[in-house]
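Close look at the chain arrangement
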Amino acid sequence: MGGRFDLVIWHRKFQPTAGLLCLVALLQVCSYPACIRAQSSTAEGAILERLDASMLVLQDASCRQDVNRTIEAVRRRESWAMAMFDASVKFPTAIELGSMFHLGSFDECLAETSFVSPGLYVPTQFCLAQVDLPGYRVREHATRASSEANRNANATSHVLVRWGLCVPASCPADDVRKLLATSTGYSDITVSAGACQDQHVSSRTEPFDTAQIASACVLLVFVLMVAFSTFYSPACSDGTSRTVEKESTAATVRRAFSVFENLSKLVQDSKDEHGLGCINGIKAIAMIFILGGHALVFMAGGALLNPGFFREQNRLLQNAFLLNSPLLVDTFLLLSGFLFARLLLIELDKRKGRINVLLLYLFRYIRLTPAYLAIIALYASWLPRLGDGPLWNERMQLEQHRCQVSWWRNLLYINNYVGTEEMCMFQSWYLATDTQLFVLAPLILFPMWRYGHRMALLLLGSLTSVSILVPFFVTYYRQLDPTLMIFTDEISDLQSNDFFVNVYGKTHLRATAYLFGLLAGYLVHWMQLKDIRIGRKMLGVCWTISTVCGCMAMFSLTAFYNGLGTENYLYNALYAALHRFGWSLSNGWLVLACVTGHGDILKRFLSWRAFVPLSRLTYCAYLMNGLVELYLSASRRTPLYASIASLTAESISHMTLTFLLALVLCLLFESPIHGLEKIALKRFRPIQSPRGPDTSSLSTTNTQSTSEEA
């Protein structure tokens, strides 16, 4: 440290980056505090000299002119240029600890009006480049376990980071790449055409297209109808039911769109004539944990300061219920099968087997599709206009493109098999899977009802065995993971994850839970008809077996994060085949015990009235959750520091926002369509049979009111 480095000779020999030049400048001998005062300008000067040299490689004349103006303005300390310089990442830090997103200051970049002189200004744009940094690797000593957040973290000696830059808007993507490459010395840099956002895009001043206008008009029609019906029709009360039956069709339609009417239905206690009140609690609790799992997946795949935290937490047994949230989705499939079987068997008894299945399919489609279509239209038209952020364009425009291409597959409920690489809405696979199983269910239930127990056991036993063997052989021979594994580098975009696209949502791989639901529905129907009670000893045995099976299915996944690995495909296949069986057995017994009155305290808890509105909002929450996660992930300005406290707070906020938006969607679309459906049902069936349990909004399955649909 006894003299000055010869910067010119050292630069020619070693080709340092801007960050290394800054370090060299700081190592020069100087006195304190004069050294401290000079450090900032010295470091900036080194960077600006490299930027001066970069103008020789810029192709666009306007870009060269604006970059030159900006450099000179920075040297003069003009506020607009200093804002651009300040908003850009100078050099990434904490790379070896796993921090891959270096986003700069997006809002500072685009908020500045860059006036050079009266009538002359340099408009800005924010670009997010991908830079491959050789020589870096994510280290393993950052946490107690390991900071690697993906299964191949240390396979290579280089790291790909996202690098935020604020540059003149006149520079095309290729010139931005050259500017960064020349000023840093790194050559492996990618700046795609959609990686830059200028002030024009940020302010959303582009003209509206036809799809946006059309979707806005339809939304406006529903809003006006809801507003008119709310203020024109009186609120529903308990004493008006007889009057409502004598109302005209127009008055009934007004009530169907009334916010007061629909809110009163949403919060009123559900009838429990068939013991189905406990279903509300199961649905509400399962949905809460599913939303929490979705929130954690999007946070793990997004901008993080310490992605290794997730790898450490993945190894802890108590976190398995969040990692294994797909099993909670299976709970909804089981409930779908159970409710459909329970209510359809009641109708088969009443009507002596005469059921119009096509009409049942039609009304289910009418009930599911309007709210679903409204969200798809929002994705396909307005999604990029809803916000902004460093990651906004690349994520929202991609999602919009997928929905513009795949919307018809969603509406036909075939998107889990057709066009899965461009699936619109990551969670939409569930509706397709459930709908396909719903279509097949009558073909199973009718022979069970017609030919009795032997046929039921033979048919469901055979189908369940097949549903267990198929995942085993598919997983083993295709050498797949045991389930969807949460590694941060593999879940940044779920729709491009190979396992999610090609395995996760396939109906033939997820039928076990639905079949158990059909079996539970059949058994409950038989037990209630015969007034059969289960003895105390048998209850103890069943509760013990179901609890062990459920815990094993849920928590054994941790073994694959703790040394068992995912390369032993026999273990993978066994887990893929048996964990859904164990979980379905456990949940099937829980439903059967509670519905038949063997749940005691657990039944009373699950039937708690506070669960009722949440249960009725689960379908709309399912539809809105993808939008919430996309928005919060794509609009993030700074990387998140992951900790138990921060992730808990974030997850709770995601759940709350999801249910609030679900309420809006329910009042605008789902509840009004449900009301209109009842009007149509009266025309198809003027003489109604005694009403079954209140199942007005049964989960994402929406097999509700089957007794009315049949």
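Structural data are supplied above this passage.
From a predicted model like this one, the values you see are computed outputs, not experimental measurements.

1. Considerations on the nonpolar core
Core analysis: the biggest nonpolar cluster contains 130 residues, and F338, L518 and L623 have the highest contact counts within it. Excluding residues that lie within four positions of it along the chain, L518 makes contacts with G337, F338, A341, A441, I444, L445, M448 and L460. Counting 50 residues, the second-largest nonpolar core is a separate cluster that includes M55, A73, F85 and L128.

2. Let's talk about the packing of aromatic side chains
The relation between two aromatic rings is expressed through the spacing of the ring centres and the mutual angle of the planes. Here the structure, examined in full by the defined rule, presents 31 aromatic pairs. Taking the centre distance of 5.4 Å and the plane angle of 45° together, the rings of F208 and W382 count as tilted. Separated by 174 residues along the polypeptide, F208 in the loop between α8 (199-202) and α9 (210-232) and W382 in the loop between α17 (357-381) and α18 (392-411) bring together distant segments of the chain. Judged by relative accessible area, which is 24%, W382 ranks as partly exposed.

3. Focus on helix α22 (residues 511-530)
With 20 residues, α22 extends 29 Å between its outermost C-alpha atoms, agreeing within 8% with the 28 Å of an ideal straight helix rising 1.5 Å per residue. Counted residue by residue, α22 has 14 buried out of 20 residues, so it is predominantly covered. Of the residues one or two after α22, D531 is the one with positive phi, at around 55°.

4. As for empty space enclosed by the protein
In total, this model carries 5 cavities of 30 Å³ or more according to the counting rule given. Estimated volume of the largest cavity: approximately 350 Å³. Lining the largest cavity are 22 residues, with L51, F85, S88, L165 and C166 sitting closest to its centre. At the level of secondary structure, the elements contributing two or more residues to the lining of the largest cavity comprise α3 (34-54), α4 (61-75), α5 (79-87), β5 (158-168) and α7 (173-184). Top element by residues in the lining of the largest cavity is β5. It accounts for 5 residues.

5. Description of the state of the cysteines
For the structure on display, the rule yields 4 disulfides. Each sulfur in the disulfide pair C109 and C166 lies 2.2 Å from the other. Linking C109 and C166, the disulfide has an S-S dihedral of approximately 85° and is accordingly described as right-handed. Of this pair, C109 sits in helix α6 (residues 106-111) while C166 sits in strand β5, and the two are 57 residues apart along the sequence. The burial state of C109 is the same as that of C166; both residues are buried. Across the disulfide from C127 sits C196; the S-S distance is 2.0 Å.

6. Things to note about helix α16 (residues 325-351)
Between its first and last C-alpha, α16 extends 39 Å over 27 residues, near the 39 Å set by a 1.5 Å rise per residue. Judged by how many residues are buried, α16 sits mostly within the fold: 24 of 27 residues are covered. With its phi angle positive at about 55°, K352 sits one or two positions after the end of α16.

7. Points about the environment of E422
Within the secondary structure, E422 is located in the loop between α18 and α19 (429-451). Along the chain, E422 and H401 lie 21 residues apart, while their C-alpha atoms are 8.4 Å from each other. Not counting residues within four places of it along the chain, the set of residues in contact with E422 comprises H401, R402, V405, S406 and R409.

8. Regarding the pairing of β5
For β5, the tally of buried residues reaches 9 of 11 residues, placing the bulk of the element in the interior. Sheet topology note: the strand β1 (residues 101-102)/β5 ladder contains 2 bridges and is parallel. Within β5, the position partnered with F101 by the bridge is R162.

9. Digging into the pairing of strand β4 (residues 124-134)
Burial runs high along β4: 9 of the 11 residues are buried. Direction of pairing for β4 relative to β5: antiparallel, over a ladder of 11 bridges. Within β5, the residue paired with D132 across the bridge is L160. Summarising the sheet, β4 and strand β7 (residues 196-198) pair through 3 bridges and their orientation is antiparallel. Looking at β7, one finds that F126 is bridged to Q197. As defined by bridge partners, β4 adjoins strand β6 (residues 189-190) across 2 bridges and the pair is classed as antiparallel.

10. Here we look at the packing of α19 against α22
At their nearest, the axes of α19 and α22 sit 11 Å apart, and the two run at 40° to each other. The angle between α19 and α22 falls in the class oblique. At the point where α19 passes α22, the crossing takes the right-handed sense. Only A511, Y514, L515, L518 and Y522 of α22 make contact with α19, whose side of the interface consists of D434, L437, F438, A441, I444, L445 and M448. Looking at side-chain class alone, the contact of α19 with α22 contains 11 nonpolar, no polar and 1 charged residues.

Rules used in this analysis
Residues numbered from 1 in each chain as written. Predicted model: local features only at pLDDT ≥ 70, side-chain atom pairs only at ≥ 80, totals over all residues. Heavy atoms only, no water. Core = buried A, V, L, I, M, F, W, Y, C linked by side-chain atoms within 4.5 Å. Buried < 20%, exposed > 50% of the residue type's maximum accessible area, 1.4 Å probe, protein only. Contact = heavy atoms within 4.5 Å. Phe/Tyr/Trp six-rings, centres within 6.5 Å; stacked < 30°, edge-to-face > 60°. Helix = DSSP H or I, 4+ residues; strand = E, 2+ residues; numbered from the N terminus. Expected span 1.5 Å × (residues − 1). 1 Å grid on protein atoms, 1.4 Å probe; cavity = no way out; pocket = protein on both sides within 12 Å on 5 of 7 lines; lining within 4 Å. Points joined across faces, edges and corners; volume = space filled by probe spheres on them. Disulfide = S-S within 2.5 Å. Pairing = 2+ DSSP bridges. Axes fitted to C-alpha atoms, helices over the stretch in contact; angles between N-to-C directions. Parallel < 35°, antiparallel > 145°, perpendicular 65-115°, else oblique. Left-handed = near helix turned anticlockwise from the far one by under 90°. Nonpolar A, V, L, I, M, F, W, Y, C, P; charged D, E, K, R; others polar.

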